[in-house]
Amino acid sequence: MELAIQKWGNSAAVRLPSTLLSQLGVALGDRLSADMKPEGLVLRPARKSYSLADLMAQCDLKAAPPVDAEAWERSKPVGHEVW
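All values derive from a computational prediction rather than experimental measurement.

Engineer: Would you take a moment to explain the overall build of the chain for this structure?
Structural biologist: When helices and strands are tallied, the chain shows three helices and four strands. For the chain, the α and β elements follow one another from N to C terminus as β-β-α-β-β-α-α. Taken over the C-alpha trace, the chain has a radius of gyration of 21 Å; the compact-globule value for 83 residues is 12 Å, which it surpasses by more than 25%. Dimensions of the chain along its principal axes, counting C-alpha atoms only, are 60 × 30 × 25 Å. Across the 83 residues of the chain, 6% fall into the buried class. Counted over contacts in the chain with a minimum sequence separation of 6, partners at least 24 positions apart contribute 0%. Carbon together with sulfur atoms contributes 56% to the accessible area of the chain, which is approximately 8,200 Å² in total. The average position of the 10 basic charges and that of the 10 acidic charges among the side chains of the chain differ by 8 Å.

Here it is in structure tokens:
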């Protein structure tokens, strides 16, 4: 698929057809990550970042704490946690 580079204010822009947006799994208003690779420009959906307030808003504040809180605090990371 060829896309034209067009002037947009003082910048250059490439319009992405809706079929391409659908294939990328993005919509208007979403963000893309752009990386230069030896084979050319690579666009992919940007990873979403969450604030602590966003994450806390999803928590059930009435949930019971872990049964063994000390063991939970000593546990090793299983994902990408930052300790």
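Engineer: Help me understand the UniProt feature "domain: SpoVT-AbrB" (unreviewed entry) in the chain in this model?
Structural biologist: The sites that carry the UniProt feature "domain: SpoVT-AbrB" (unreviewed entry) are, in the present numbering, residues 6-51. The span residues 6-51 is 15% helical and 41% strand by assignment, and the distance between its end C-alpha atoms comes to 36 Å.

Engineer: For this particular structure, what's the right way to read a nonpolar patch on the surface?
Structural biologist: Together, Tyr50, Leu52, Leu55, Met56 and Leu61 make up a nonpolar patch on the protein surface, roughly 590 Å² of accessible area in all. Take Leu52: it is sitting in helix α2 (residues 52-57). Note on Leu52: relative accessible area 63%, which makes it exposed.

Engineer: Before we go on, may I ask you to explain the pattern of salt bridges in this structure?
Structural biologist: A side chain with one charge may pair with a side chain of the opposite charge, provided their charged atoms come close. As enumerated under the stated definition, the model contains one salt bridge in all. Asp35 is paired through a salt bridge with Arg44; the nearest N and O atoms lie 3.1 Å apart.

Engineer: Looking at this structure, how should I read the pairing of strand β3 (residues 32-37)?
Structural biologist: Residues in a regular strand point their side chains to alternate faces of the sheet. Relative to strand β4 (residues 40-45), β3 runs antiparallel, the two sharing six bridges. In the strand pairing of β4, Lys37 is matched with Gly40. Connecting β3 to the antiparallel partner β4 that follows it, the hairpin turn spans two residues.

Procedures and definitions
- Residues numbered from 1 in each chain as written.
- Predicted model: local features only at pLDDT ≥ 70, side-chain atom pairs only at ≥ 80, totals over all residues.
- Heavy atoms only, no water.
- Helix = DSSP H or I, 4+ residues; strand = E, 2+ residues; numbered from the N terminus.
- Rg over C-alpha atoms; globule rule 2.2 N^0.38 Å.
- Buried < 20%, exposed > 50% of the residue type's maximum accessible area, 1.4 Å probe, protein only.
- Contact = heavy atoms within 4.5 Å.
- Areas by Shrake-Rupley, 256 points an atom, 1.4 Å probe, with all protein chains shown as cover.
- Lys, Arg positive; Asp, Glu negative; His and termini not counted.
- Charge placed at Lys NZ, Arg CZ, Asp CG, Glu CD.
- UniProt positions renumbered as here; feature names shortened; annotations may be inferred.
- Patch = residues over 30% accessible without salt bridge, like charges linked within 9 Å, V, L, I, M, F, W, Y side chains within 5 Å.
- Salt bridge = Lys/Arg side-chain N within 4 Å of Asp/Glu carboxyl O.
- Pairing = 2+ DSSP bridges.

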